[in-house]
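Report on the structure
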Amino acid sequence: MYEITMRCKATEEAIDFCDLLAKQIACFFSLHDRDMFVLSVHEAVVNSIKAVKQLGNKIEDDALVISWRITEEEITVTVADEGVGIPIKEIERLRQESLEDVLLAESGRGLLLIKETMDAVSFEPHADGKCAIVMKMRRGQNGSSDIHF
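Given the structure is predicted, the values throughout are model-derived calculations rather than measurements. (Residues numbered from 1 in each chain as written. Predicted model: local features only at pLDDT ≥ 70, side-chain atom pairs only at ≥ 80, totals over all residues. Heavy atoms only, no water.)

**Description of the overall build of the protein chain**
- Each helix and strand in the protein chain was counted, giving four helices and six strands.
- What you see in the protein chain, going N to C, is helices and strands ordered as β-α-α-β-β-α-α-β-β-β.
- When burial is assessed residue by residue, the protein chain has 43% of its 149 residues classed as buried.
- Approximately 8500 Å² of the protein chain is accessible, and the part contributed by carbon and sulfur atoms is 48%. (Helix = DSSP H or I, 4+ residues; strand = E, 2+ residues; numbered from the N terminus. Buried < 20%, exposed > 50% of the residue type's maximum accessible area, 1.4 Å probe, protein only. Areas by Shrake-Rupley, 256 points an atom, 1.4 Å probe, with all protein chains shown as cover.)

**Some words on the pattern of salt bridges**
- Within the structure shown, the criterion is met by three salt bridges.
- With its nearest N and O atoms 3.3 Å apart, the salt bridge here joins R69 to E3. Residue R69 is located in strand β2 (residues 64–70), and its partner E3 is located in strand β1 (residues 2–8); the two are separated by 66 residues in the primary sequence.
- Look at R69 and you get partly exposed, because its relative accessible area is 36%.
- A salt bridge links R138 to D119; the shortest N-O distance between them is 3.4 Å. Highlighted residues: R138 in strand β5 (residues 131–138) and D119 in the loop between α4 (109–117) and β4 (120–125), separated in sequence by 19 residues. (Salt bridge = Lys/Arg side-chain N within 4 Å of Asp/Glu carboxyl O.)

**Side note on the packing of helix α1 (residues 12–28) against helix α2 (residues 34–53)**
- The geometry of α1 relative to α2 is characterised by a closest axis approach of 9 Å and an angle of 155° between their N-to-C directions. Relative to α2, α1 is oriented roughly antiparallel. α2 is crossed by α1, and the crossing has right-handed handedness. Residues E12, A14, I15, C18, D19, A22, K23, A26 and C27 of α1 lie in contact with α2, whose contacting residues are R34, F37, V38, V41, H42, V45, V46, I49 and K53.
- The residue inventory of the contact of α1 with α2, partitioned by class, reads 12 nonpolar, one polar and five charged. (Axes fitted to C-alpha atoms, helices over the stretch in contact; angles between N-to-C directions. Parallel < 35°, antiparallel > 145°, perpendicular 65-115°, else oblique. Left-handed = near helix turned anticlockwise from the far one by under 90°. Contact = heavy atoms within 4.5 Å. Nonpolar A, V, L, I, M, F, W, Y, C, P; charged D, E, K, R; others polar.)

**Let's talk about α2**
- Counted at 1.5 Å a residue, the expected span for α2 with its 20 residues is 28 Å, and the 29 Å between its end C-alpha atoms agrees.
- When α2 is considered as a whole, its buried residues turn out to be F37, V38, S40, V41, A44, V45, V46, S48, I49, A51 and V52. (Expected span 1.5 Å × (residues − 1).)

Okay, here's the thing in structure tokens:
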């Protein structure tokens, strides 16, 4: 098992670094659907950075925390931020809509894409009312995800 936790500023550089790390992890650990894994991680990081930037000048140096846990069975990525959190209505929408429902919309596709791509998606509530997104993909194959929180 491998575990990596990184803390960083919510910047474009963080997106690029996470993309690079996701690509390397997907290749090294033989994920079946590498591109979709990388895209899901990218979307989660972009959403977190947008949430943090909404805070304006209150951005901390470690406003974004990404954890990677790799086992023989799966890879789990947790993305947490210092933003205002994912609204409950957004989580409820994930249960009811599919990616096809919002394919041509201007926004709102990221979480649905993650739901469709990853094997499991859950939201970890924190004491401060915020929550982290937890995404899992089995090594060797993937399918549609269940959403838990």
